[in-house]
Amino acid sequence: MIYPIVKYGDAVLETPAQTITEFNQDLKKLVEDMFESMYAAHGVGLAAPQIGVGKRIAVIDVTFKEDPNAKLVLINPEIIKREGKQRSQEGCLSLPDFREDVTRANVVTVRAQDQEGKWFEHTGEELLARALLHETEHLEGRLYISHISALKRDIMKRKIKKLMRAGEWT
Ligand code: NI
């Protein structure tokens, strides 16, 4: 099932998500739906709050279907290591058509559980490192715009308010 993507302005995006304690069939179905919803929205990462579900689940595929082995499911993820620096454009499905330069760590290790509840560690660099940080932050109720200047953020928020008034942000 493809869920609509929740846009900026909805409180679920700025609320810390809840820890997953049950690793059952419902969780597997939700993960499957998250991949489907992410691909439908042309994204390379999606966090559960972005489909209105306040749970600590994120999915990532930085190859966008090219490499089936690149599909990553992160349940209850935590960033445990950050190294180096990268700066490039970042966007978010919940803030469509906006992109800003964001400085991030270049190599990142995440610790997370898989769909069976088994803990694992995964290290990524460049785009994957960026996605690991971006999606894990979503689960903390944090958006990438918290990393840009207050001035740029205000300009973006003003544009969004305009779109909201015009009924073009739903
Ligand atoms: Ni995002």
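Residues numbered from 1 in each chain as written. Predicted model: local features only at pLDDT ≥ 70, side-chain atom pairs only at ≥ 80, totals over all residues. Heavy atoms only, no water.

K.L.:
What is the right way to read the overall build of the protein chain from this model?
P.N.:
The helix and strand tally for the protein chain stands at three helices and seven strands. Ordering the α and β elements of the protein chain from the N terminus gives α-β-β-β-β-β-β-β-α-α. Its C-alpha atoms give the protein chain a radius of gyration of 16 Å, within 12% of the compact-globule value 15 Å for 170 residues. With the principal axes as the frame, the protein chain shows a C-alpha extent of 45 × 35 × 30 Å. In the protein chain, which comprises 170 residues, the proportion classed as buried is 44%. (Helix = DSSP H or I, 4+ residues; strand = E, 2+ residues; numbered from the N terminus. Rg over C-alpha atoms; globule rule 2.2 N^0.38 Å. Buried < 20%, exposed > 50% of the residue type's maximum accessible area, 1.4 Å probe, protein only.)

K.L.:
So what exactly am I meant to see when it comes to the side chain of arginine 56 here?
P.N.:
Within the secondary structure layout, arginine 56 lies in the loop between strand S1 (45-47) and strand S2 (57-60). Despite its burial, arginine 56 pairs with no opposite charge, the nearest such side chain being glutamate 140 at 4.2 Å. From its side chain, arginine 56 meets the backbone oxygen of leucine 139 in a polar contact 3.4 Å long. Setting aside residues no more than four positions away along its own chain, arginine 56 makes contact with Ala17, Gln18, Thr19, Ile20, Leu74, Ile75, Asn76, Pro77, Leu139 and Glu140. (Lys, Arg positive; Asp, Glu negative; His and termini not counted. Salt bridge = Lys/Arg side-chain N within 4 Å of Asp/Glu carboxyl O. Polar contact = N/O pair within 3.5 Å; in protein donor to acceptor, adjacent residues only side chain to side chain. Contact = heavy atoms within 4.5 Å.)

K.L.:
Any chance you could explain the side chain of aspartate 61 here in plain terms?
P.N.:
With respect to the helices and strands, the residue aspartate 61 is situated in the loop between S2 and strand S3 (72-83). Within the buried set, aspartate 61 has no salt-bridge partner at all; the shortest N-O distance to an opposite charge, 6.6 Å, is to lysine 71. Excluding anything up to four places from it in sequence, aspartate 61 contacts Met38, Tyr39, Val44, Asp67, Ala70 and Lys71.

K.L.:
What should I look at first to understand the coordination of the nickel ion in this one?
P.N.:
As a benchmark, a tetrahedral metal site with four donors has ideal angles of 109.5 degrees, while an octahedral site with six donors has ideal angles of 90 or 180 degrees. The protein atoms donating to the nickel ion are Cys92 (SG), His134 (NE2) and His138 (NE2), with metal-donor distances spanning 2.1 to 2.3 Å. Read N to C, the donor residues that coordinate the nickel ion are spaced as C-x41-H-x3-H. With cysteine 92 in the loop between strand S4 (86-90) and strand S5 (100-104) and histidine 134 in helix H2 (residues 127-138), this residue pair connects regions lying 42 residues apart in the sequence. On the basis of relative accessibility, which here comes to 7%, the residue histidine 134 falls in the buried class. (Donors = N, O, S within 2.8 Å, 3.2 Å for Na, K, Ca; no water.)

K.L.:
Any chance you could explain the packing of aromatic side chains here in plain terms?
P.N.:
Each aromatic ring pair is summarised here by two numbers: the centre-to-centre distance and the angle between the ring planes. Summed over all chains, the structure comprises three aromatic pairs. Summarising the aromatic geometry, the rings of tyrosine 39 and phenylalanine 64 are spaced 5.2 Å apart at their centres and angled 85° between planes, so their arrangement reads as edge-to-face. Here the residue tyrosine 39 occupies a position in helix H1 (residues 25-40), and phenylalanine 64 occupies one in the loop between S2 and S3, the gap between them amounting to 25 residues. The class of tyrosine 39 is buried, set by a relative accessible area of 13%. Given the relative accessible area of 29%, phenylalanine 64 is considered partly exposed. Connected via pairs of aromatic rings, a cluster forms that spans Phe35, Tyr39 and Phe64. (Phe/Tyr/Trp six-rings, centres within 6.5 Å; stacked < 30°, edge-to-face > 60°.)

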